[in-house]
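Letter by letter, the chains look like this.
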Amino acid sequence: MIESARKGRKLRVIDDQFMSPTYTRDAAQAILSLATSSNAQYGTYHCCNGGSCNWYQFAKAIFTMGGIAADLSRVALADYSFKAP
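Below is a short write-up of the structure. Keep in mind it's a predicted model, so treat the numbers as computed, not measured. (Residues numbered from 1 in each chain as written. Predicted model: local features only at pLDDT ≥ 70, side-chain atom pairs only at ≥ 80, totals over all residues. Heavy atoms only, no water.)

Observations regarding the overall build of the protein
Broken down by element type, the protein carries 3 helices and 4 strands. Along the protein, helices and strands appear, N-terminal first, in the series α-β-β-α-β-α-β. Over its C-alpha atoms the protein spans a radius of gyration of 17 Å, topping by over 25% the 12 Å that the globule rule assigns to 85 residues. Overall, the C-alpha framework of the protein stretches about 50 × 35 × 20 Å when taken along its three principal axes. Per-residue burial over the protein gives 16% buried out of 85 residues. In the protein, the share of contacts with a sequence separation of at least 24, taken over all contacts with a separation of at least 6, comes to 81%. About 6900 Å² of surface is accessible on the protein, with carbon and sulfur atoms providing 55% of the total. (Helix = DSSP H or I, 4+ residues; strand = E, 2+ residues; numbered from the N terminus. Rg over C-alpha atoms; globule rule 2.2 N^0.38 Å. Buried < 20%, exposed > 50% of the residue type's maximum accessible area, 1.4 Å probe, protein only. Contact = heavy atoms within 4.5 Å. Areas by Shrake-Rupley, 256 points an atom, 1.4 Å probe, with all protein chains shown as cover.)

Here's the deal with the pattern of salt bridges
Per the counting criterion, the structure on display carries 2 salt bridges. Where Arg74 meets Asp15, a salt bridge forms, and the shortest distance between an N and an O atom there is 3.8 Å. With a gap of 59 residues between them, Arg74 in strand E4 (residues 71–75) and Asp15 in the loop between strand E1 (10–14) and strand E2 (18–19) connect regions that are remote in the sequence. (Salt bridge = Lys/Arg side-chain N within 4 Å of Asp/Glu carboxyl O.)

Looking at the packing of aromatic side chains
Enumeration according to the criterion identifies 1 aromatic pair in this entry. When the ring of Trp55 is compared with that of Phe58, the centres are 6.0 Å apart and the planes differ by 70°; the resulting orientation is edge-to-face. Residue Trp55 and its partner Phe58 are both found in helix H3 (residues 55–65); the two are separated by 3 residues, about one turn of the helix. (Phe/Tyr/Trp six-rings, centres within 6.5 Å; stacked < 30°, edge-to-face > 60°.)

As for the nonpolar core
Membership of the largest hydrophobic core is limited to 8 residues, which are Ala5, Leu11, Val13, Tyr56, Ala59, Phe63, Ile68 and Leu72. Of all the elements in the fold, those that place two or more residues in this core are E1 and H3. The dominant element in this core, judged by the number of residues it contributes, is H3, at 3 residues. Other than its neighbours up to four places away in sequence, Ala5 contacts Leu11, Phe63, Ile68, Ala69 and Ala70. (Core = buried A, V, L, I, M, F, W, Y, C linked by side-chain atoms within 4.5 Å.)

A few points about the side chain of Ser4
Residue position: Ser4 is located in helix H1 (residues 2–6). Not counting the four nearest positions on each side in its chain, Ser4 is found in contact with Arg9 and Leu11.

Quick look at the environment of Phe82
With respect to the helices and strands, the residue Phe82 is situated in the segment after E4. Every residue in contact with Phe82, bar those within four places of it in the chain, is listed here: Ile14 and Leu77.

This is a description of form; function is not addressed.
The following block contains the structure:
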């Protein structure tokens, strides 16, 4: 997306699907802590940072932090065409 924005392409970004972006260092530290803990239980663990945003907000923040002028427009997930069903 960064390359497309730098080339001046219009970017359609989903704004009705929310997530919690997680810093990879935080995820790695959590995994290491679980892997080295003598008290860890077997099973499935979920780890993420706090807060949430939609993909449009996430893209806008990335471009703002990178000083990139991007031509962003919002699109609903239902209106977005995917190559695979």
